[in-house]
Amino acid sequence: MTTATRRSAPAPGPAAARTFPLGFTWGTATAAYQIEGAATEDGRTPSIWDTYSHTPGKVRNGDTGDVACNHYHRWREDVRIMADLGVSAYRFSLSWSRVQPTGRGPAVQKGLDFYRRLTDALLEKGIQPVVTLYHWDLPQDLEDAGGWPERVTADRFAEYATLAARALGDRVRTWTTLNEPWCSAFLGYASGVHAPGRTDPVAALRAAHHLNLAHGKAVQALRAELPATAQTSITLNLHHVRSLTDGAEDKEAARRIDALGNRIFTGPQLEGRYPEDLLQDTARLTDWSFVRDGDTAQIHQPLDFLGVNYYTPTLVSAATGEGSHGADGHGRSDHSPWPGADDVAFHLPPGDTTAMGWAVDPSGLYDLLLRLKADFPALPLMITENGAAFDDYVDPAGRVVDPDRIAYLRGHLTAVHRAIEAGVDVRGYFLWSLLDNFEWGYGYSKRFGAVYVDYPTGRRIPKASARWYADVARSGRLQAADDDAR
């Protein structure tokens, strides 16, 4: 991918309502460990996130996903909420250790039955299920055997994909192999701010390759089981990288982050090769001998669309002493998640920020979509995550009024519409997230949901943004101005 080095021109001011294409998918999204709870029920065994969250000091306030939003027991209510929102699709992940507790062997039918019931209920409401096979919750047994740095984990993942396709292939037509493999590899194995909490840069690079390989093997496994009409995809959290200045050293810093944050996945997955500059950047760490003959061909599988997750741009410079890898937006650690680029400085872009400390900048999404069209012109795109955390609360009237989230969504949906007008083939948008939930290392301290969750009781309260998004989803139109706080 080409590295962007400067902010695009400001978007034009609001005018007439923006109408999205007929058939545009309006959805919302969640992940299994973040919402399901029922951590030890019906045969489920620990994933790496169970182990990590139960390790003292790893998650804020000692929070765990043991109960989370209790979606495992309240899924009927949550489906009704989605129907009330008027969404046409729901993107959710399967818990690997609920389906296949040790990561090998036969599936547990009680686990599969949960997902069968959920998909049936969605279809009854006219909501298309979009299944993600992996959203960061590797069975702990597989991590004990070496985890993603070991090649055999890719083989186990392909077997799991086969089990899932056989169980749900008659109900689910859209499948995603991996969610954000960058986070799995580099936050999990390099900086240690995500499960399994390891801090080995070479292991992280090995993990990235085996995640790529797992994706390719899983696409093949899915296609062997699914009808020809089924769609396969992967979701990447592509970093929209900008250099702090137009100076040569800052541009070089941006190139390095682009290689490690983006092209380490888009290269083999979409072009059938790892970028040469990435191999050179990391040569002092590894010779990449873990890449075997035929691997990149197996990784390079045709996709029906590419899932794009975007929250905020990434601003970098050459090392100055003022920035650090701790300011990259992914969580602070004494260990960098950027092997071979650990001396690059990260900076907070100017302007408003969310409760995560992330800059609010829809122009980054617009620029990213145009870059993807330029680099991969024939590949349809789907915004599979976009949203924001704010410090939401229930007011005395029992409402949750969140105008900042509405403004964030309006800005980013405007960016998507502008990209479509510019010729980018964007097929849909999934709001992150349906529910407030377990936000990984931040525990329950950050709220991304369109629906407020009172964790002690489990009560769901749709926020003002939920009603606003429902209006957009039902009409397919983004109004120029309305009463956002109603």
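Whatever comes next refers back to the structure up there.
The text that follows walks through the structure, step by step, so that each part is easy to find. Since the structure is predicted, the reported quantities are computational estimates derived from the model, not experimental observations.

**Concerning the overall build of the chain**
- Of the regular secondary structure elements, the chain holds 15 helices and 15 strands.
- Here the C-alpha radius of gyration of the chain, 21 Å, is about what a compact globule of 486 residues would show, namely 23 Å.
- For the chain, buried positions account for 63% of its 486 residues.
- Summed over its atoms, the accessible surface of the chain is roughly 17,500 Å², and 49% of this surface lies on carbon and sulfur atoms.
- Averaging the locations of the 50 positively and 60 negatively charged side chains of the chain gives two centres separated by 4 Å.

**As for the pattern of salt bridges**
- Per the counting criterion, the structure on display carries 32 salt bridges.
- One salt bridge connects Arg91 with Glu385, and the closest N-O pair in it is separated by 3.4 Å. With a gap of 294 residues between them, Arg91 in strand S3 (residues 89–93) and Glu385 in strand S11 (residues 381–386) connect regions that are remote in the sequence.
- A residue is classified by how much of its surface remains accessible, and Arg91, at 1% relative accessible area, is buried.
- Take Glu385: its relative accessible area is 4%, and that puts it in the buried class.
- With its nearest N and O atoms 3.0 Å apart, the salt bridge here joins Arg255 to Asp281. Here Arg255, found in helix H10 (residues 248–271), pairs with Asp281, found in helix H11 (residues 276–281); they are 26 residues apart in sequence, far enough to count as distant.

**Let's talk about the sheet that holds strand S2 (residues 25–29)**
- The strand order around the closed barrel built from eight strands is S2-S3-S4-S5-S6-S8-S11-S12, with neighbouring strands paired in parallel fashion. Within the sheet, the average angular offset between the axes of one strand and its neighbour, ignoring direction, is 25 degrees.
- Of the strands in this sheet, S2 and strand S12 (426–432) touch helix H15 (residues 464–475), which is tilted by about 150 degrees from S2.

Conventions used here
Along each chain, numbering runs from 1 in the same order as the chain's sequence is written. Where totals are concerned, whole chains, interfaces and linings use all residues; where local detail is concerned, this predicted model gives features only for residues with pLDDT of at least 70, and gives and counts side-chain atom pairs only at 80 or more. Water and hydrogen atoms were dropped before computing side-chain values, which therefore reflect all heavy atoms in the structure. Runs of H or I in DSSP of at least four residues are treated as helices and runs of E of at least two as strands, each being numbered from the N terminus. Based on C-alpha atoms, the radius of gyration is set beside the globule rule, defined as 2.2 Å times the residue count to the power 0.38. Partly exposed residues are those whose accessible area sits between 20% and 50% of the maximum for their type, while under 20% is buried and over 50% is exposed, using a 1.4 Å probe and protein chains only. Where accessible areas are quoted, they stem from the Shrake-Rupley method and a 1.4 Å probe; at the residue level, only the protein chains shown are allowed to cover. Positive: Lys, Arg. Negative: Asp, Glu. His and the chain ends are not part of the count. Every charge is mapped to an atom, namely NZ of Lys, CZ of Arg, CG of Asp or CD of Glu. One side-chain nitrogen of Lys or Arg within 4 Å of one carboxyl oxygen of Asp or Glu is enough to make a salt bridge. Pairing between two strands is assigned when DSSP locates at least 2 bridges connecting them. Every axis corresponds to a line fitted to the C-alpha atoms, with the helix fit spanning only the stretch in contact, and the corresponding angles, defined between N-to-C directions, vary from 0 to 180 degrees. The criterion used for residue contact is that any of the two residues' heavy atoms lie within 4.5 Å.

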